[in-house]
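Read off the chains here:
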Amino acid sequence: MTTFEVTLGRLGLPGTLQLPADALGLVVFAHGSGSSRHSPRNRFVASELCQRGLATLLFDLLTEDEEFDRRNVFAIPLLAGRLREAIEWQAGMHQIAHLPTGLFGASTGAAAALVAAAALPDKVAAVVSRGGRSDLADEALPLVRAPTLLIVGGADRDVLELNRWAATQMTCENALRIVPGATHLFEERGALAAVAELAGDWFVQHMKVEAHA
């Protein structure tokens, strides 16, 4: 496993790339709700995905100045644009340019991931949402082509209903998986590990398909 500190896009957004040997694909993380690349939950999931042979990229979607404006957390087009820049950055990095790309979004980052996937149907192999506000992707939902997994805590009732609605709007392969008893942040014992296992299975399955397409 090799870890690189990187900068992305025209704004030089800081990020951390973890690259296992013979990686199957690259998973780009999209945090939400004012979180950052240092999110302990996303870092845990990223570590688990790396154990499955997946490279991971965690980066700050907002600059320090942008973070002061709370409205930017819900600026889905802005966040999706940053994800698109990350995918463009990947294409210019010879170590990872050939890898299928997956997007892992949490909270508002899930909506951004879905909007980015809809805009780049030929470049995104799979999407996973963790406790995501997938409903905020709205008109982009029917345009998503990448197989999408929606993971929601069983005790996160409002978000669960929003994800059930979002799933009805999607025309791509999709699945809703509920982690019993988990709340929005998946802080319960074993809940985040369950998320990582579900996400890992989904990415490995669909990136293998992409790699052999």
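Scoring rules and cut-offs
Residues numbered from 1 in each chain as written. Predicted model: local features only at pLDDT ≥ 70, side-chain atom pairs only at ≥ 80, totals over all residues. Heavy atoms only, no water. Buried < 20%, exposed > 50% of the residue type's maximum accessible area, 1.4 Å probe, protein only. Helix = DSSP H or I, 4+ residues; strand = E, 2+ residues; numbered from the N terminus. Pairing = 2+ DSSP bridges. Right-handed = clockwise from strand over helix to strand, strands pointing away. Salt bridge = Lys/Arg side-chain N within 4 Å of Asp/Glu carboxyl O. Axes fitted to C-alpha atoms, helices over the stretch in contact; angles between N-to-C directions. Contact = heavy atoms within 4.5 Å. Core = buried A, V, L, I, M, F, W, Y, C linked by side-chain atoms within 4.5 Å. Polar contact = N/O pair within 3.5 Å; in protein donor to acceptor, adjacent residues only side chain to side chain.

Caption draft 1: Summary view of the pairing of strand β6 (residues 126-130). Where burial is concerned, most of β6 is hidden: 5 out of the 5 residues are buried. Residues Ala 126, Val 128 and Arg 130 point to one face of β6 and Val 127 and Ser 129 to the other, with burial holding for every one of them. Pairing analysis gives 5 bridges linking strand β5 (residues 101-106) to β6, with the strands arranged parallel. In the strand pairing of β6, Gly 102 is matched with Ala 126. In this fold, β5 hands off to helix α4 (residues 108-119), which returns the chain to β6; that crossover is right-handed. In the sheet, β6 pairs with strand β7 (residues 148-153) via 4 bridges, with the strands oriented parallel. Bridging from a neighbouring strand, Ser 129 pairs with Leu 150 of β7.

Caption draft 2: Main features of the pattern of salt bridges. For the structure shown, the criterion picks out 6 salt bridges. As a salt-bridge pair, Asp 69 and Arg 71 come within 2.9 Å of each other at their nearest N and O atoms.

Caption draft 3: The arrangement of the environment of Met 1 in detail. Here Met 1 shows up in the segment before β1 (2-8). Spatially, the C-alpha atom of Met 1 lies 28 Å from that of Leu 185, the residues being 184 residues apart in sequence.

Caption draft 4: Region of interest: the sheet that holds strand β3 (residues 25-30). In spatial order, the strands read β1-β2-β4-β3-β5-β6-β7-β8; together these 8 strands make up an open sheet with mixed pairing. Unpaired on one side and paired on the other, β1 and β8 (174-179) mark the two borders of the sheet. Between one strand and the next, the sheet's axes are offset by a mean angle of 20°, whatever the strand orientation. The strands that helix α1 (residues 40-51) touches are β2 (13-19), β3, β4 (54-59), β5 and β6; relative to β4, the one it contacts most, it runs at about 160°.

Caption draft 5: Examining the nonpolar core more closely. Among the nonpolar cores identified, the biggest contains 42 residues, and Leu 57, Phe 59, Leu 83 and Leu 103 are the most heavily contacted of them. Secondary-structure elements contributing two or more residues to this core are β1, β2, β3, β4, α3 (76-91) and α4. Setting aside its immediate chain neighbours within four residues, Leu 103 contacts Val 28, Ile 87, Ala 113, Ala 116, Ala 117, Val 124, Ala 126, Val 127, Val 128 and Phe 203.

Caption draft 6: Geometry of the side chain of Asp 135. Mapped onto the fold, Asp 135 is located in the loop between β6 and β7. Of note is the side chain of Asp 135, whose polar atom sits 2.8 Å from the side chain of Arg 133.

Caption draft 7: Focus on the environment of Leu 79. Looking at the element boundaries, Leu 79 is found in helix α3. With a relative accessible area of 4%, Leu 79 lands in the buried category. Ignoring anything within four residues of it in the chain, the contact list for Leu 79 reads Leu 61, Leu 62, Asn 72, Val 73, Thr 108 and Ala 112.

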